[in-house]
Amino acid sequence: MADDTLIAVKPEIAVKARINAARHAAMTQAAATDPDRFWAEEAKRIAWIKPPTRIKNTDFSGTVSIKWFEDGVLNASVSCLDRHLATRGDQVAILWEGDDPGSDLKVTYRELHERVCKLSNALRRLGVKKGDRVCIYMPMIVEAAVAMLACARVGAVHSVVFGGFSPDSLASRIQDSECIVLITADEGRRGGRKVPLKANADEALRSCPSIRHVIVARNTGTAVAMQDGRDHWWDAMTAGEPATAEPEPMGAEDPLFILYTSGSTGKPKGVLHTTGGYMVWGSFTHDNVFDYREGEIYWCTADVGWVTGHTYIVYGPLANGATTLMFEGVPSWPDNGRFWQVVAKHKVNIFYTAPTAIRALMRDGDGPVKKHDRSSLRILGSVGEPINPEAWLWYYRVVGDERCPVVDTWWQTETGGILISPLPGATAQKPGSATLPLPGVKPALVDNDGKLLDGTAEGNLVLLDSWPGQMRTVYGDHERFVQTYFSTFKGMYFTGDGARRDADGYYWITGRVDDVINVAGHRMGTAEVESALVAHASVAEAAVVGMPHDIKGQGIYAYVTLVAGVEPTEALRKELVAWVRKEIGPIASPDAIQWAPGLPKTRSGKIMRRILRKIAANETSGLGDTSTLADPAVVQELIDNRVK
Ligand code: WTA
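Within each chain, residue numbers correspond to sequence positions counted from 1 in written order. In keeping with the model being predicted, local features are shown solely for residues with a pLDDT of at least 70 and side-chain atom pairs are shown and tallied solely at 80 or more, while totals for entire chains, interfaces and linings include all residues. Heavy atoms throughout the structure, all of them, feed into the side-chain values; hydrogens and water do not.

On to the environment of phenylalanine 69, then. Numbering of helices and strands runs from the N terminus, with a helix taken as a DSSP run of H or I at least four residues long and a strand as a DSSP run of E at least two residues long. Inspection of the secondary structure puts phenylalanine 69 in the loop between β2 (65-68) and β3 (73-74). Classification of phenylalanine 69 as buried rests on a relative accessible area of 0%. For the pair phenylalanine 69 and alanine 40, spaced 29 residues apart in sequence, the C-alpha to C-alpha distance is 8.1 Å. Residues within four places of phenylalanine 69 in sequence aside, it is in contact with Trp39, Ala43, Trp48, Pro52, Arg54, Ile55, Ala252, Gly276, Gly277, Val280 and Pro468. A simple rule labels every residue: compare its accessible area, found with a 1.4 Å probe on the protein chains alone, to the largest value its type can have, and call it buried under 20%, exposed over 50%, or partly exposed in between. Between two residues, a contact is recorded if the distance between any of their heavy atoms is within 4.5 Å.

And the structure:
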């Protein structure tokens, strides 16, 4: 059905759009024929201390080397702050909306610049220098953005850890990149509840000897333990500091940040992004995909703990001088109309959220949406997982009153910014399709042997050439970078996603083809959940797969083999769920746990996840070839006892 639904570009949008169909074609052509020239021109959208003369220097073969704008010198915070002072110093940079509907804040570019400079000075006073790593474990408050930009200003590499992660998850991320400072808050707020960030941090820091100082922002005002000499209140640290601070000159290829993300194996990887290319990509994509116009209110509902928050709450919109709305709360509190109440209150023009939120709100019908005035909305965006056509159409019809183009943006932590997406004034949309690549992006489909597939096809989604926002390495482990992304299909970047391409050349992302799952838009490695489960004394073995879930897109389905002699009880099931929440964080809570006396393994001992996925999805009629199993009988046992 969806393939046939084509929603044409609206003439009134195309007329005013930054990019119409003709311009899209011209840009695509220009980026393909002379990337150096195209990107040298686009690089001018950000502020350089020394503009680059070398543009693209990338190689996907051998040891893989990716460099963009390599002889350029810049500081990311200058693009986001200083250069706006003369023209829009009094414009709101960050429009903060609190969890509690009564609370909001407006921070102008001038104020934001001042706050960032003060914190930069404080960081320098604590001894933070270019190249040092600083961990940020914050709620969605203005200080989170200030902390990121202050790190950028002094040349420190920030590593933001999502505030919903457990002390253990925080500790392992701090350890991996040997952060020397942690910036956190007393507590966070979400949906009327408090999140004990400082207490979590204290627990994590028991195993993080690299941390010398902790800066604590006062948010809820609750009393928290402060360790003498190590812990400092943000206010006290910054109060006496001057309101200006010299930006550290950074090479375009100097790191800007590390962001940990889940892969199919092992511990989360520290995805490393550098300064020049990332900033150009963030600005280019924010500007064009959202057809951003001067003075508009732009709202991305992500958390700064994820890449979407990095690129599309902080760096992209601020580089473009936008007013970026930062929301502390959740879509369902105090009620399911909260998103639309905020849209009406702040007259939001561009709204960017995740399919899981759309599906959850859709369940409540049109009432909560219709109650609020959405006439300010102009563009709607979606990100994080495939959006099913039903949810897409509801978003388009009910939320956007069929006026607003929907941009379904496909990208990854690794890609730094959007790669495949419609452009509002140029691309006819099809509900459920991320449509076409942006200029300069070269996606392709390959079969499992790496053979390129032409025309209408379905296969593994790869990228044949580099774009400026691409990750450069895995922090501290370049070999893992090469192995993970460039070894499956030689000379190509492998995304881990599967996709279909239709007769119009449109891409339809079908989901991950590796052992990564997307749970409510949060990326999770099944291996991480498995290792949390087997760390419990009663668990002998665990296998985790994704299962279809109406709201979350995918849920977490765990097969657990208990240690001999341990009884499978309801109490133990609950205990294991709580255990995983404690080990990783609430986002990793298993939705289903099935007791599995045995797991389907090959004779060489490899778990056949394909079978486990099918059983979890209740697709047990076509299990495929099970003849290579060491003990085919376990399959029937698992089918019979499937969790419904
Ligand atoms: C999935 C989030 C379909 C995909 C920006 C990708 C999507 C993973 C879309 C990256 C989309 C993201 N349509 N799938 N529009 N956007 N994905 O690193 O599986 O948290 O590989 O980055 O999310 O998740 P990550």
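Next comes the rest of the write-up.
Bringing the UniProt feature "domain: AMP-dependent synthetase/ligase" (unreviewed entry) in the protein chain into the picture now. UniProt positions are given in the numbering used here, feature names are shortened, and annotations may be inferred rather than shown by experiment. The sites that carry the UniProt feature "domain: AMP-dependent synthetase/ligase" (unreviewed entry) are, in the present numbering, residues 82-463. Between the C-alpha atoms that bound residues 82-463 there is a distance of 35 Å. The span itself is 32% helix and 23% strand.

Now for the sheet that holds strand β23 (residues 457-463). Strands in a sheet are paired, the pairing made by backbone hydrogen bonds, and the direction either parallel or antiparallel. What the 5 strands build is an open sheet, ordered β22-β21-β23-β25-β26; its pairing is antiparallel. For this open sheet the edge positions go to β22 (452-453) and β26 (507-512), each flanked by a neighbour on one side alone. One requirement defines pairing of two strands: DSSP has to find at least two bridges between them.

Regular strands have side chains that alternate between both faces of the sheet. Of the pairings in the sheet, the one linking strand β29 (residues 539-549) to strand β30 (residues 553-562) comprises 10 bridges and is antiparallel in character. Bridge pairing links alanine 542 to valine 560 in β30. Remark: 3 residues form the turn of the hairpin made by β29 and β30, two consecutive strands paired antiparallel.

Within the open sheet, the 7 strands sit side by side as β5-β4-β17-β16-β18-β19-β20. Their pairing is mixed. Two strands lie at the open edges of the sheet, namely β5 (104-108) and β20 (406-409), each paired on one side alone. The mean inter-strand angle of the sheet, taken between neighbouring strand axes irrespective of direction, is 20°. In this structure, strand β18 (residues 350-353) lies alongside strand β19 (residues 379-383), joined through 4 bridges in parallel fashion. Each bridged residue has a counterpart across the sheet, and for tyrosine 352 the counterpart in β19 is glycine 381. A fitted line through C-alpha atoms serves as each axis, taken over the contacting stretch for helices, and the angle formed by two N-to-C directions is quoted from 0 to 180°.

Take the site of the ligand next. The environment of the ligand is formed by 17 residues, the closest being Asp408, Thr409, Thr413, Asp497 and Arg523. Between the ligand and threonine 413, the relevant distance is 2.5 Å, taken from an oxygen atom to a side-chain nitrogen or oxygen of the residue. Polar contacts, as used here, are pairs of N or O atoms within 3.5 Å; protein pairs need one atom able to donate a hydrogen and one able to accept it. Residues neighboring in sequence count only if both atoms are side-chain atoms. Asparagine 518 places a polar side-chain atom, nitrogen or oxygen, 3.2 Å from an oxygen atom of the ligand. The Shrake-Rupley method, run with a 1.4 Å probe, gives the accessible areas here. Residue values count only the displayed protein chains as cover. Bound to the protein, the ligand loses 97% of the 530 Å² it would expose on its own. Of all the secondary-structure elements, those providing two or more residues to the shell around the ligand are α11 (307-319), β20 and β26. Any residue with at least one heavy atom within 4 Å of a molecule or strand is counted as near it.

This paragraph deals with the pattern of salt bridges. By definition here, a salt bridge exists when the distance from a side-chain nitrogen of Lys or Arg to a carboxyl oxygen of Asp or Glu is within 4 Å. All told, the structure shown has 43 salt bridges when counted by the stated rule. Taking the shortest distance from any N to any O, the salt bridge between glutamate 328 and arginine 189 comes out at 3.7 Å. Within this pair, whereas glutamate 328 is found in the loop between β17 (323-327) and α12 (338-346), its partner arginine 189 is found in strand β9 (residues 188-190), the two being separated by 139 residues in sequence. Residue class for glutamate 328 comes out buried when judged on its relative accessible area of 2%. A residue is classified by how much of its surface remains accessible, and arginine 189, at 25% relative accessible area, is partly exposed. As a salt-bridge pair, arginine 523 and glutamate 414 come within 2.8 Å of each other at their nearest N and O atoms. Taken together, the residues span a long stretch of sequence, with arginine 523 in strand β28 (residues 522-525) and glutamate 414 in the loop between β20 and β21 (443-446) at a distance of 109 residues. There is no split in this pair, since arginine 523 and glutamate 414 are both buried. In the salt-bridge network here, residues are joined through shared partners; they are Arg18, Glu42, Arg45 and Asp287.

Tracing the chain through its elements places valine 304 in the loop between β16 (297-300) and α11. For the pair valine 304 and isoleucine 136, spaced 168 residues apart in sequence, the C-alpha separation works out to 9.8 Å. With sequence-adjacent residues up to four places away left out, valine 304 is seen in contact with Met140, Ala144, Met148, Val160, Gly309, His310, Ile313, Val314 and Met326.

Our next topic: the side chain of serine 177. Along the chain, serine 177 falls in helix α7 (residues 167-177). Serine 177 gets classed as buried once you look at its relative accessible area, which sits at 0%. One polar contact links the side chain of serine 177 to the main-chain carbonyl oxygen of arginine 173, over a distance of 3.1 Å. If we skip the residues at most four places from it in the chain, serine 177 touches Arg133, Ser159, Ile258, Tyr260 and Tyr475.

All right, on to the side chain of threonine 495 then. Of note, threonine 495 is situated in strand β25 (residues 493-501). A polar contact is formed between the side chain of threonine 495 and the backbone oxygen of leucine 461, at a distance of 2.6 Å.

Our next topic: the packing of helix α2 (residues 21-33) against helix α3 (residues 35-42). Taken N-terminus to C-terminus, the directions of α2 and α3 make an angle of 120°; their axes are 5 Å apart at the nearest point. Here α2 contributes Met27, Ala30, Ala31, Ala32 and Thr33 to the contact with α3, which in turn contributes Pro35, Phe38 and Glu42. Each residue belonging to the contact of α2 with α3 can be placed in one class, and the counts come to 6 nonpolar, 1 polar and 1 charged. Throughout, the ten residues Ala, Val, Leu, Ile, Met, Phe, Trp, Tyr, Cys and Pro are labelled nonpolar, Asp, Glu, Lys and Arg are labelled charged, and all others, Gly among them, are labelled polar.

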